[in-house]
Amino acid sequence: MRKMRRKGLASMAAQTVASTTNSVDLGPAAALSCRECGHRVPLGPVFACEECFGPLEIAYDFSAYGAEELRKRIEAGPANIWRYAPLLPVPADVAAKPNINPGWTQLVKADNLARELGVDTGKLFIKDDSGNPTHSFKDRVVAQALEAARAFGFTTLSCSSTGNLAGAVGAAAARAGFRSCVFIPHDLEQGKVVMAAVYGGELVGIEGNYDDVNRFCSELIGDPAGEGWGFVNVNLRPYYAEGSKTLAYEICEQLGWQLPDQLVVPIASGSQLTKIDKGLQELIKLGLVEDKPYKIFGAQAEGCSPVSVAFKAGHDVVRPQKPNTIAKSLAIGNPADGPYVLDIARRTGGAVEDVTDEQVVDAIKVLARTEGIFAETAGGVTVGVTRKLIENGLLDPTLTTVVLNTGDGLKTLDAVAGTGLTATIRPNLDSFREAGLA
Ligand SMILES: Cc1ncc(COP(=O)(O)O)c(C=O)c1O
Ligand SMILES: [Zn+2]
């Protein structure tokens, strides 16, 4: 029943764009290929295989450059994700088009945090993606989806979102002159709602959780009401997802074209984690980094931990959960890429772990206090999980470890409510001394 519906959607989406698929220029992207059965179809706004209903992803032709030439091109490129345009599904002149141009965010050597966690200094890094235009890593994926939407002739950008994606879509649509209409659970954090609404697009709250919102969007795609709409994380998902590869590229380039030994990555749908792995594999195959083992660790909040539960139980399938956590950006109870995350964690020798909401809040404060980085709850999840993985011996603190902070704490202020003034004093020195501040 579920498979029939997916097949229906896949073919409907394909019909919508039959006339555009022959002429698209998305750089090295050669075709869409099924992750399950390898069936290939031309580039188009489709996301499910017509043979087996598996997810489609981009297959590339990277033969244009040798390793040395590619490295030089990248290093001479702009200080944003478009330096990696030869490795992305975007036209060669992408940097000249109106887009939000995210990326090239700081890789912070986190010696203070290392000391706090009781581990060696010099080996622990935070990849701080709060520095993107709308303050989350979602700008990377939306920037790709925008180029695909342009190539396929869409004029409306849409998405189902746990919050950050909504803001990123609103901003990208505003910059590029698209209409935007995005869908979120009605009860998200105020910071996320305002951030998504301020760009002037339509923002619709759905009475339900993210999984309900996503299901609704899938229905809308199959309905005439959604015709001509590019849903960045549904019918444009294969293009959108590739944006997360840029995190892998940047981390390696910022480490001096070397693979890290360990990465700690948050999981909502699991897309980001799988594409970070894809990006690392590409760099190895292209000869841009030396091949060596690396481990990928997934991080979830206990209140929405379907992948972590499956990992610990040794299962290959992920049993959906009803989310209940302050880490709302990660609150996807039925993660589309969950089984692939399990494969990657197991193949690389990593793990998937979860932390309580209390540990998330504590980790947000620890990261802020030690490194001056104010993370949203997703960053609290990765830092909290890093601490737990060190304590239980799964993460080796003597090796180079990169922990992702994927969003900005200003969007989830409620998580640290109660953090505030040290004292209130009258504007004179006596009062200052009385307060014990001298
Ligand atoms: C801040 C933040 N980090 C991480 C994620 C996880 O993304 P994915 O769905 O690719 O696993 C999300 C998803 O919404 C997010 O908003
Ligand atoms: Zn297939």
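Residues numbered from 1 in each chain as written. Chains lettered and ligands numbered in written order. Predicted model: local features only at pLDDT ≥ 70, side-chain atom pairs only at ≥ 80, totals over all residues. Heavy atoms only, no water.

Attention now moves to the overall build of the protein. When its secondary structure is counted, the protein shows 15 helices and 13 strands. At 22 Å, the protein has a C-alpha radius of gyration in line with the 22 Å of a compact globule built from 438 residues. When its C-alpha atoms are laid out on the principal axes, the protein stretches across 75 × 50 × 45 Å. Each of the 438 residues in the protein was classed as buried or not, and the buried ones make up 58%. Long-range contacts, defined here as pairs at least 24 residues apart, represent 71% of the contacts in the protein between residues at least 6 apart. With an accessible surface of roughly 17800 Å², the protein has 51% of that area assigned to carbon and sulfur atoms. Here the protein contributes 43 positive and 51 negative side-chain charges, whose respective centroids are spaced 1 Å apart. (Helix = DSSP H or I, 4+ residues; strand = E, 2+ residues; numbered from the N terminus. Rg over C-alpha atoms; globule rule 2.2 N^0.38 Å. Buried < 20%, exposed > 50% of the residue type's maximum accessible area, 1.4 Å probe, protein only. Contact = heavy atoms within 4.5 Å. Areas by Shrake-Rupley, 256 points an atom, 1.4 Å probe, with all protein chains shown as cover. Lys, Arg positive; Asp, Glu negative; His and termini not counted. Charge placed at Lys NZ, Arg CZ, Asp CG, Glu CD.)

On to unusual backbone geometry. Backbone geometry at Asn101 places phi at a positive 50 degrees, although glycine is not the residue there. Inspection of the secondary structure puts Asn101 in the loop between α2 (67–75) and β4 (107–109). A relative accessible area of 29% means that Asn101 is categorised as partly exposed. Here Trp257, not a glycine, exhibits a phi torsion of approximately 55 degrees, which is positive. Within the secondary structure, Trp257 sits in the loop between α9 (245–254) and β10 (262–266). Judged by relative accessible area, Trp257 falls into the buried class, the value being 10%.

Under the definition given, this model contains 30 salt bridges. One salt-bridge network, in which partners are shared between bridges, spans Arg35, Glu57, Arg237, Glu242, Lys245, Lys275, Lys278, Glu282 and Asp337. (Salt bridge = Lys/Arg side-chain N within 4 Å of Asp/Glu carboxyl O.)

Lining the immediate environment of ligand 1, one finds 16 residues, of which Ala268, Ser269, Gly270, Gln272 and Thr406 sit closest. At a separation of 3.5 Å, an oxygen atom of ligand 1 approaches a polar backbone atom of Ser271. Take Thr406: an N or O atom from its side chain is 2.6 Å from a nitrogen atom of ligand 1. For ligand 1, whose unbound accessible area comes to 390 Å², protein coverage reaches 97%. (Near = heavy atom within 4 Å. Polar contact = N/O pair within 3.5 Å; in protein donor to acceptor, adjacent residues only side chain to side chain.)

Protein ligation of the zinc ion (ligand 2) involves Cys34 (SG), Cys37 (SG), Cys49 (SG) and Cys52 (SG), the donor distances falling in the range 2.3 to 2.4 Å. Considering all four donor atoms around the zinc ion (ligand 2), angles at the metal cover 97 to 118 degrees and the coordination shape is tetrahedral. The sequence motif formed by the donor residues of the zinc ion (ligand 2) is C-x2-C-x11-C-x2-C. With relative accessibility at 1%, the residue Cys49 sits in the buried group. On the basis of relative accessibility, which here comes to 27%, the residue Cys52 falls in the partly exposed class. (Donors = N, O, S within 2.8 Å, 3.2 Å for Na, K, Ca; no water. Tetrahedral: all angles 85-135°; square planar, octahedral: opposite > 155°, others 65-115°.)

Looking now at the packing of helix α4 (residues 138–151) against helix α5 (residues 164–176). Packed helix pairs are specified by the crossing angle of their axes together with the interaxial distance, meaning the distance between the axes. Where α4 meets α5, the axes come as close as 9 Å, and the angle between the chain directions of the two elements is 45 degrees. One element, α4, and the other, α5, form an angle in the oblique class. α4 and α5 meet at a crossing whose hand is right-handed. Contacts between α4 and α5 involve Lys138, Asp139, Val142, Leu146 and Arg150 from the former and Asn164, Leu165, Ala168, Val169, Ala172 and Ala176 from the latter. Residue classes in the contact of α4 with α5 are distributed as seven nonpolar, one polar and three charged. (Axes fitted to C-alpha atoms, helices over the stretch in contact; angles between N-to-C directions. Parallel < 35°, antiparallel > 145°, perpendicular 65-115°, else oblique. Left-handed = near helix turned anticlockwise from the far one by under 90°. Nonpolar A, V, L, I, M, F, W, Y, C, P; charged D, E, K, R; others polar.)

Within the open sheet, the four strands sit side by side as β8-β7-β6-β9. Their pairing is parallel. Whereas interior strands pair on both sides, the edge strands pair on one side only; in this sheet they are β8 (202–206) and β9 (229–231). Taking the axes of each pair of neighbouring strands and ignoring which way they run, one obtains an average angle of 20 degrees across the sheet. Where strand β6 (residues 156–160) meets strand β7 (residues 179–185), five bridges bridge the pair, whose relative direction is parallel. The residue of β7 that forms the bridge with Ser160 is Phe183. (Pairing = 2+ DSSP bridges.)

A few words now on the nonpolar core. Core analysis: the largest hydrophobic core is formed by 124 residues, its most contacted members being Leu113, Ile126, Tyr239 and Leu280. With eight residues, the single largest contributor to this core is α5. Each of domain 1 (2–64 + 137–238) and domain 2 (106–135 + 241–416) gives at least three residues to this core. Discounting chain neighbours no more than four positions away, the residues touching Ile126 are Gln106, Leu107, Val108, Ala110, Leu113, Leu367, Ile373, Val383, Val403 and Asn405. Among the nonpolar cores identified, the runner-up in size contains 12 residues, and Phe47, Cys181, Val213 and Trp229 belong to it. (Core = buried A, V, L, I, M, F, W, Y, C linked by side-chain atoms within 4.5 Å. Domains from an automatic or database assignment.)

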